[in-house]
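Commentary on secondary and tertiary structure
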Amino acid sequence: MEIIEQTRIIEALLFASDKPLSSVALADCLPEGAPIDQLLNDLQNHYQHRGVNLIKVAGKWMFQTAPDLAFLLRKEMDEERRLSRAAVETLTIIAYHQPVTRAEIEEIRGVSLSRGILDVLMEAEWVRPVGRRRTPGRPMTYGTSDHFLIHFGLNSIKDLPGLSELKAAGFLDNVNMSRLNLLDDVIPTEEQHELPISQEK
Amino acid sequence: MEIIEQTRIIEALLFASDKPLSSVALADCLPEGAPIDQLLNDLQNHYQHRGVNLIKVAGKWMFQTAPDLAFLLRKEMDEERRLSRAAVETLTIIAYHQPVTRAEIEEIRGVSLSRGILDVLMEAEWVRPVGRRRTPGRPMTYGTSDHFLIHFGLNSIKDLPGLSELKAAGFLDNVNMSRLNLLDDVIPTEEQHELPISQEK
Amino acid sequence: MTNNKQDQYNSFYDFSSVIPSPHNDEKFILDIQGFEGPLDVLLSLARTQKVDLKQISILELVQQFLKFVEEIKIQKLEKAADYLVMAAWLAYLKSRLLLPDENSEEELSAEEMAARLTLQLQRLSAIRDSAATLMSRNQLKRDVFARGRPESVIISRNATFELSYYELIRAYADHKCRKSIADIRIHKREIYTLDQALERLQGLIGMALDWTDLFQFLPDSIMNEEMTRSVKASMFTASLEMARQGKAEIIQKQIFGPLYIRKRDRSD
């Protein structure tokens, strides 16, 4: 095997590895007698002035972003936040039942909506207030935003699957369908936007 | 900022990420007016024969180990990740025929789509609903996602192998046009989709 | 119906031919478990003709399929149904192919039907080939690999929250599942509300001249036992409420005795 080929192998192994690799471990993937240290040094030189450097830590080798470009990397890893289960459920209820009031969300979920859930969903720009219900107290109603449609690649809210489609796709396998009222299975429509959903009460 | 410096930044960003990045997103990290496409092409050329290649998938850029080294790096898929033949076929039909309805998938395969197949493909995030057909019953249609393109190293659906041959042979024509109606007395129309449950029971 | 067809018809529904018998044991029995439906069987039979799918003999294919259906060991009737329906259709196609064309306007000609079957088999075959090609591509995390130690980059501006479409839909489905389990129905109880009682009592008390037994004021049309209790409770509460507001006086002369009520004017 040529030197070039051996270098390529080391390069690929180091790139794909989720931890630093020792030269011994690398040598295991090469033909016996390969000049592993020489190869690693050459590779290190090759990457010396590039955006990524080959470095040796605790006797093992790894690729790392060049120190002077570290500003490109995010300091905190927790930027990509995950939503709580309650938040995801609330989001789906808003998506399917919009426009919906806080009280209605609580009634559908059967638990009270803890503070902050709507805030998080609005912070994510997936949920927005869409108006006020013409009922006593004029409660605020919520709906999904364009951002929501874009994030989930939907053309319109109508594209969300209905109950029977969820069933057909295997999502509701453990459910006795007779208990789900399929007559209630209104595929979400945009028309619902204009209607006060007082009939749900 | 010099070209070399700009190249280093792109290199660092792409190298650090395990997901493809769009040229627009990369350009955001460079001074305005940076020749981003030129830089990406140069970088792609630089890595062309190395152990790691810069490739374009789903319209975005990403570093990946060179395909010819697969023999060294190959890992067996976990048992749970391995798709059944039915799932592979369904995935293929969705990829080549998209947007395609459930009824059309069944028509092509000649068997009803057993439960859980779409579920599995959607869980892998390879398949997703893409909208509704404007026919009676407004059935859901399915298509592939960016994840699918990334997983199979495709820049776009147009790059699917053999797509033009299948098209030339007429195999990708409207499924209903060649409907054989072999197994049903009533011509299955998409209306059936409205209540897939009733027909499955 | 030709004799031949009659024979086939019989063999479809004569289950003695599919239940294993000593004769059958020596035969190689095909297992339909390995196949995904009749079309799958037809395709694999067509391939045994070892010619281009465009040149397969439909007639021969039909023959093979009918033979296959006769030979298979059918364990589950519902699984067999598809095969039997297909067999019936193919037998029909075969008879049409053999008989002179009747020139029926409504139906497709036999040749047209055969051509369509061929096309459908070719299409399935093409999809199978494509599936194989697709799966043999270098797949991420199997053949080619992304950076193993990704470092988080600043980009990704608009995706601060990670939530996939699948997770979204899954959440709604889970919600529905839980709802369907926790779906307890409690019959709505008919009640006589306090408001109703107050209204009634205020109206009637003005008409009574002297102390009157509260229960004289109960509505006449009480439907049932449960409602009676509700009415009594509400009327009693209403009387207390009126007394509290100074609109009525109540007196009870003995324990468990009748409650007497009369109107009280503020001017008193």
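**Examining the sheet that holds strand β5 (residues 140–144) of chain B**
Residues and elements named next belong to chain B. A sheet is described by the order of its strands in space; here three strands give the open sequence β3-β5-β4, paired in antiparallel fashion. A strand with exactly one partner marks an edge of an open sheet, and here the two such strands are β3 (100–101) and β4 (127–132). Bridge analysis of β4 against β5 gives five bridges, and the strand direction is antiparallel. Counterpart to R132 in the pairing with β5 is M140. Running at roughly 95 degrees to β5, helix α5 (residues 85–97) makes contact with β3, β4 and β5 of the sheet.

**Quick look at the pairing of strand β1 (residues 52–57) of chain B**
Along any regular strand, the residues point their side chains to alternate faces of the sheet. Alignment of β1 of chain B against strand β2 (residues 60–65) of chain B, held across six bridges, turns out to be antiparallel. Within the sheet, the bridge partner assigned to L54 of chain B lies in β2 of chain B and is F63 of chain B.

**A short note on the packing of helix α1 (residues 3–16) of chain A against helix α3 (residues 36–47) of chain A**
When two helices pack together, their arrangement is captured by the angle between the axes and the distance separating the axes. Residues and elements named next belong to chain A. At a closest axis distance of 10 Å, the pairing of α1 and α3 adopts a crossing angle of 70 degrees. With respect to their mutual orientation, α1 and α3 come out roughly perpendicular. Contacts from I3, Q6, T7, I10, E11 and L14 of α1 reach α3 at I36, L39, L40, L43 and Y47. In the contact of α1 with α3, the residues fall into eight nonpolar, two polar and one charged.

**Some details on the environment of E89 of chain A**
Looking at where E89 of chain A falls in the secondary structure, it is placed in helix α4 (residues 85–97). For E89 of chain A, a relative accessible area of 3% gives the class buried. Here the alpha-carbon distance between E89 of chain A and I105 of chain A, two residues 16 residues apart in the chain, equals 9.8 Å. Residues in contact with E89 of chain A, not counting those within four places in the same chain, are R109 of chain A together with H175 and R178 of chain C. At a separation of 3.1 Å, a polar atom in the side chain of E89 of chain A contacts the side chain of R109 of chain A.

**A few points about the packing of aromatic side chains**
Applying the stated criterion to the full structure yields 17 aromatic pairs over all chains. Look at Y47 of chain A and F63 of chain A: their rings are 4.9 Å apart centre to centre, the planes differ by 70 degrees, and that puts the pair in the edge-to-face class. Of this pair, Y47 of chain A sits in helix α3 while F63 of chain A sits in strand β3 (residues 60–65); the two residues are 16 residues apart in sequence, bridging distant segments of the chain. Take Y47 of chain A and F63 of chain A: they sit in the same class, and that class is buried. Ring plane angle 5 degrees and centroid distance 3.6 Å describe the contact between Y96 of chain A and Y172 of chain C, whose orientation is recorded as stacked. Placement of Y96 of chain A in helix α4 and of Y172 of chain C in helix α7 (residues 165–181) is noted, with the two residues assigned to different chains. Neither Y96 of chain A nor Y172 of chain C differs from the other in exposure class; each is buried. Here K253 of chain C stacks its cationic end above the ring of Y260 of chain C, 5.7 Å away from the centre of that ring.

**Quick notes on the pattern of salt bridges**
Inspection of every chain in the model, using the stated rule, returns 27 salt bridges over all chains. Salt-bridge contacts for R8 of chain A lead to E5 of chain A; the nearest nitrogen and oxygen are separated by 3.2 Å. A residue pair is termed a helical-turn pair when its members lie 3 or 4 positions apart in one helix, as R8 of chain A and E5 of chain A do in helix α1 at three residues. E104 of chain B is paired through a salt bridge with R133 of chain B; the nearest N and O atoms lie 2.7 Å apart. Highlighted residues: E104 of chain B in helix α6 (residues 102–109) and R133 of chain B in the loop between β4 and β5, separated in sequence by 29 residues. Several salt bridges converge on common partners, so that one network encompasses R85, E89 and R109 of chain B together with E36, D40 and R128 of chain C.

**Comments concerning the interface of chain C and chain A**
On the chain A side, the residues contacting the 35 residues of chain C number 49 residues. Seen at the junction of chain C and chain A, the total is zero salt bridges. At the junction of chain C with chain A, the criterion picks out five residue pairs in polar contact (both at pLDDT 80 or more). Those elements that provide at least two residues to the side of chain C that touches chain A are β1 (161–162) and α7 of chain C. Top element by residues in the side of chain C that touches chain A is α7 of chain C. It accounts for 16 residues.

**Examining the packing of α5 of chain B against α6 of chain B**
All names here are of chain B. Orientation of α5 relative to α6, taken along the N-to-C sense of each, is 115 degrees, at an axis distance of 10 Å. In terms of crossing hand, the pair formed by α5 and α6 is right-handed. Note on element contacts: α6 touches α5 through I105, I108 and R109, opposite A86, E89, T90, I93, I94 and H97. Its residues assigned to classes, the contact of α5 with α6 comprises five nonpolar, two polar and two charged.

**Some thoughts on the confidence of the model for chain C**
Residues and elements named next belong to chain C. Summarising the model, chain C shows a mean pLDDT of 76, and 75% of its residues fall at 70 or more. For chain C, per-element mean pLDDT is lowest for helix α2 (residues 22–26), which scores 39, and highest for helix α6 (residues 110–136), which scores 89. pLDDT under 50 marks residues 1–30. Its contacts with residues more than four places away, or in other chains, come to 35 contacts. Interface confidence for the predicted complex, given as ipTM, is 0.70, next to a pTM of 0.68.

Conventions and cut-offs
Residues numbered from 1 in each chain as written. Chains lettered and ligands numbered in written order. Predicted model: local features only at pLDDT ≥ 70, side-chain atom pairs only at ≥ 80, totals over all residues. Heavy atoms only, no water. Pairing = 2+ DSSP bridges. Helix = DSSP H or I, 4+ residues; strand = E, 2+ residues; numbered from the N terminus. Contact = heavy atoms within 4.5 Å. Axes fitted to C-alpha atoms, helices over the stretch in contact; angles between N-to-C directions. Parallel < 35°, antiparallel > 145°, perpendicular 65-115°, else oblique. Nonpolar A, V, L, I, M, F, W, Y, C, P; charged D, E, K, R; others polar. Buried < 20%, exposed > 50% of the residue type's maximum accessible area, 1.4 Å probe, protein only. Polar contact = N/O pair within 3.5 Å; in protein donor to acceptor, adjacent residues only side chain to side chain. Phe/Tyr/Trp six-rings, centres within 6.5 Å; stacked < 30°, edge-to-face > 60°. Lys NZ or Arg CZ within 6 Å of the ring centre and 35° of its normal. Salt bridge = Lys/Arg side-chain N within 4 Å of Asp/Glu carboxyl O. Left-handed = near helix turned anticlockwise from the far one by under 90°. pLDDT = per-residue confidence, 0-100.

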